[in-house]
Amino acid sequence: MEQVKVTITVKSPTLIANSSTAGVLTATRGSMDGRILRGVFASQFINSHNLGKEAHKNQEFMDLFYGDLRFVSAYKDTVKGTSFPAPLSLQKCKNAEGYKSDDVVDFYTGKDLLGFKGIKGFIVQDGKECSQVQIETAIKLHMSRSLEQERVQGRSKEGNIFNYEYLEPNQVFVGAIIGPKESLETFVRQFPKALDCYIGRSRRTEYGHCVVEIGDVETVPSPVCNGNSVYVRLHTPLLLGNESIATVVNRSVEIIGTDISLGAIFASYQEEQSFNSIWGVRSTSESAASAGSTIELVKASGWTQDDLAKLQDLLYNGMGTRLQEGYGQGRLWVPGEFKMVKLGETNPTKITSLHTSTQSIAKKVLEKQVILNARLRAAHDVNTYIKRTMQTKSISRHFASVLLAELGTKHDCGHKQLQAFVAQTKEDKKVLEKNLREFHLDHAYTTSETKRVNLMDYIIDFDPNALVAACLAKSGESGTYYEIPAELVDMVGINKHKLSNIVAYEYWTYFFRHIRKIK
């Protein structure tokens with residue numbers, strides 16, 4: 001038995017509708033079913049061979065999608081490997097005596113698990129450690145516009161709304177196609193290595209854009225077991241019809257040996273129902289054992305390697321019905337004691353350069369952030385150094401209007417005009433000079449060696465480059481300042497000299513405006 005891994009990268013919000021969905025909210029599944037994988041490739045095959053509605057008459061199509069191949073559900077991929085539905089026999093500590101909060105124990109170990117609770121969702125196992133995997137989803141509100149007039153008006157007459165829960169973009173899911181080597185090689189030759197496709201609900205609007213990548217043909221893992229008991233976890237739901245899980249599994253394992261019996265079973269059940277987009281109707285509901293259900297298989301004569309190989313083929317081939325859609329897949333499970341650890345995050349690839357158009361956009365955004373940072377610093381300086389002096393000494397705000405007028409409207413040279421005017425005022429000993437000497441600032445945006453200077457000398461000795469450097473540097477002094485990484489500044493290629501003139505103009509504009517607002 002061989003397999004081909006299929007990697008699905010979600011590029012836009014994607015909704016895989018859950019069968020148990022409320023009227024106002026359409027919930028999404030946390031995985032991509034095998035029937036979706038089969039549908040993606042079947043649609044691609046039909047389009048590339050121009051089969052239209054006559055695909056069922058094509059023998060190659062029937063062999064690929066209704067033959068020996070099994071399209072198995074795709075689960076979220078992580079830094080520790082691909083996740084899978086948590087086995088229902090697995091329990092984590094809640095308030096048990098003698099255990100720690102991160103202890104995870106399997107029921108099949110035979111230990112008393114009073115004070116434990118079940119694990120829901122998906123996990124990934126790494127040796128004796130396991131981690132819960134969170135599927136990133138969000139909910140978006142939509143307005144129902146089913147009538148033509150409502151679509152033109154852009155609203156619903158009755159005010160009807162509905163909500164979509166969807167898988168958020170940039171998540172990766174990994175599934176598999178399983179079957180004989182010859183069939184898989186034929187399958188791989190039919191498709192490009194990467195497919196751009198749309199899947200799920202509302203894929204003709206803003207949802208469902210995914211990129212599907214096909215791997216190479218590889219052998220399934222070799223089974224290993226010691227003792228008379230083998231434990232199986234359901235990797236995908238097992239369709240039961242009107243029978244019990246024990247009956248279906250018993251019938252399936254008869255081909256391995258007649259001395260196999262079932263031990264403890266931990267299972268939950270669900271209704272499986274699909275939607276036929278061609279006919280526009282739902283299929284009938286079928287009872288199924290949920291993925292994650294676990295079964296103990298006991299062989300009186302012990303499990304030989306040949307028996308395990310047959311069991312492995314059975315599990316990868318599937319049990320029950322609708323095997324081509326990936327139902328009834330099982331995997332060997334080794335019970336034990338584990339530690340629940342937090343799933344580590346991937347280290348993103350370090351970016352060293354930007355595309356030309358990206359660089360242009362990033363430059364504009366970055367310059368706006370620097371200017372905003374300068375405005376925040378101007379407001380902070382007025383509030384710290386100017387406000388109290390004006391209130392205690394009853395100084396008129398008129399000087400701020402005069403200086404703002406002298407600053408002018410030219411961003412590239414306004415602050416130089418201001419410096420020249422204040423320097424001349426200092427020489428002429430005008431009344432404005434007396435007002436400016438009343439204020440003292442303690443800060444580093446000047447070329448003066450003295451840290452504490454009056455407002456007049458502060459304007460004359462003001463250094464725009466020092467302000468730009470402060471705005472670009474990471475600042476821990478105030479949470480209101482934006483932190484800009486130095487690497488981004490280098491990649492964007494900012495002209496600091498040109499930017500310094502604009503930043504200085506914005507700083508003094510907001511500096512004087514805030515003075516005029518003081519009461």
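Residues numbered from 1 in each chain as written. Predicted model: local features only at pLDDT ≥ 70, side-chain atom pairs only at ≥ 80, totals over all residues. Heavy atoms only, no water.

> How do you make sense of the overall build of the protein when you look at a structure like this?
Summing up its helical and strand segments, the protein has 14 helices and 27 strands in all. Against the globule reference of 24 Å for 519 residues, the protein gives a C-alpha radius of gyration of 34 Å, more extended than a compact globule. Dimensions along the principal axes, computed over C-alpha positions, put the protein at roughly 110 × 65 × 45 Å. Residues classed as buried in the protein amount to 44% of the 519 residues present. Within the protein, residue pairs in contact and separated by at least 24 positions form 72% of the contacts whose partners lie at least 6 positions apart. Total accessible area computed for the protein in this model is approximately 27,300 Å², and 49% of it derives from carbon and sulfur atoms. (Helix = DSSP H or I, 4+ residues; strand = E, 2+ residues; numbered from the N terminus. Rg over C-alpha atoms; globule rule 2.2 N^0.38 Å. Buried < 20%, exposed > 50% of the residue type's maximum accessible area, 1.4 Å probe, protein only. Contact = heavy atoms within 4.5 Å. Areas by Shrake-Rupley, 256 points an atom, 1.4 Å probe, with all protein chains shown as cover.)

> Before we go on, may I ask you to explain unusual backbone geometry in this structure?
The phi torsion of most residues other than glycine is negative, and most of the peptide bonds are trans. For Asn50, which is not glycine, the phi dihedral falls at a positive 50°. Note that Asn50 resides in the loop between helix H1 (34–48) and helix H2 (59–65). A relative accessible area of 70% places Asn50 in the exposed class. Positive phi, normally seen in glycine, also occurs at Asn170, with a value near 70°. Secondary-structure assignment places Asn170 in the loop between strand E12 (161–167) and strand E13 (172–179). Residue Asn170 is classed as exposed on the basis of its relative accessible area of 67%.

> What should I look at first to understand the nonpolar core in this one?
One recurring pattern in soluble globular proteins is that nonpolar side chains are buried together. Within the largest apolar cluster, 46 residues are counted, with the highest numbers of intra-cluster contacts made by Ile386, Phe399, Leu455, Trp508, Phe511 and Phe512. Elements supplying a minimum of two residues to this core: helix H7 (356–393), helix H8 (398–407), helix H9 (414–428), helix H10 (431–437), helix H11 (455–460), helix H12 (464–472), helix H13 (486–492) and helix H14 (496–516). For this core, the element with the most residues is H7, which contributes 10 residues. If sequence neighbours within four positions are ignored, Phe512 has contacts with Ala400, Leu403, Leu404, Leu418 and Ile459. Counting 38 residues, the second largest nonpolar core, distinct from the first, contains Ile16, Val124, Val188 and Phe191. (Core = buried A, V, L, I, M, F, W, Y, C linked by side-chain atoms within 4.5 Å.)

> Please explain the packing of aromatic side chains as it appears in this structure.
The geometry of an aromatic ring pair comes down to the distance between the two centres and the angle between the two planes. According to the stated counting rule, one finds 31 aromatic pairs in the structure shown. Between the aromatic rings of Phe61 and Tyr66, the centroid separation amounts to 6.3 Å while the plane-to-plane angle is 50°, which identifies the pairing as tilted. The exposure class of Phe61 is buried, given its relative accessible area of 7%. The ring of Tyr66 is capped by Arg38, whose NZ or CZ atom sits 4.7 Å from the centre of that ring. Of note, Lys128 hangs over the ring of Phe338, and the distance from its end group to the ring centre comes to 5.5 Å. (Phe/Tyr/Trp six-rings, centres within 6.5 Å; stacked < 30°, edge-to-face > 60°. Lys NZ or Arg CZ within 6 Å of the ring centre and 35° of its normal.)

> Hey, could you run me through a positive patch on the surface in this one?
Positive charge collects at one region of the surface, where Arg397, Arg513, Arg516, Lys517 and Lys519 lie side by side. In this structure, Lys517 sits in the segment after H14. Judged by relative accessible area, which is 61%, Lys517 ranks as exposed. (Patch = residues over 30% accessible without salt bridge, like charges linked within 9 Å, V, L, I, M, F, W, Y side chains within 5 Å. Salt bridge = Lys/Arg side-chain N within 4 Å of Asp/Glu carboxyl O. Lys, Arg positive; Asp, Glu negative; His and termini not counted. Charge placed at Lys NZ, Arg CZ, Asp CG, Glu CD.)

> How should I be thinking about a nonpolar patch on the surface in this particular structure?
Nonpolar side chains collect at one region of the surface, where Val24, Leu141, Met143 and Ile161 lie side by side and expose about 350 Å² of accessible area between them. Within the secondary structure, Ile161 is located in strand E12. Under the relative-accessibility criterion, Ile161 is labelled partly exposed at 41%.

> Where do I start with the sheet that holds strand E9 (residues 122–126) in this structure?
Strands pair in a sheet through their backbones, by hydrogen bonds, and they do so in one of two ways: parallel or antiparallel. Read across the open sheet, the 7 strands follow the order E5-E9-E10-E25-E7-E6-E8; overall the sheet is mixed. What marks the edges here is a single partner per strand, and that holds for strand E5 (84–85) and strand E8 (116–118). When strand E6 (residues 90–93) meets E8, the two strands line up antiparallel, connected through 3 bridges. In the strand pairing of E8, Gln91 is matched with Gly118. (Pairing = 2+ DSSP bridges.)

> How should the pattern of salt bridges be read in this particular structure?
When their charged atoms lie close together, side chains carrying opposite charge are able to pair. Across all of its chains, the model carries 23 salt bridges by this definition. Here Lys140 makes a salt bridge to Glu206, at a shortest N to O gap of 2.8 Å. Placement of Lys140 in strand E11 (residues 137–143) and of Glu206 in the loop between strand E14 (194–198) and strand E15 (209–219) is noted, with a sequence separation of 66 residues between them. On the basis of relative accessible area, Lys140 is assigned to the partly exposed category, the value being 32%. A relative accessible area of 37% places Glu206 in the partly exposed class. Taken together, the salt bridges that share partners define one network made up of Arg29, Asp33, Arg35 and Glu272.

Taken by themselves, the reported measurements are silent on function.
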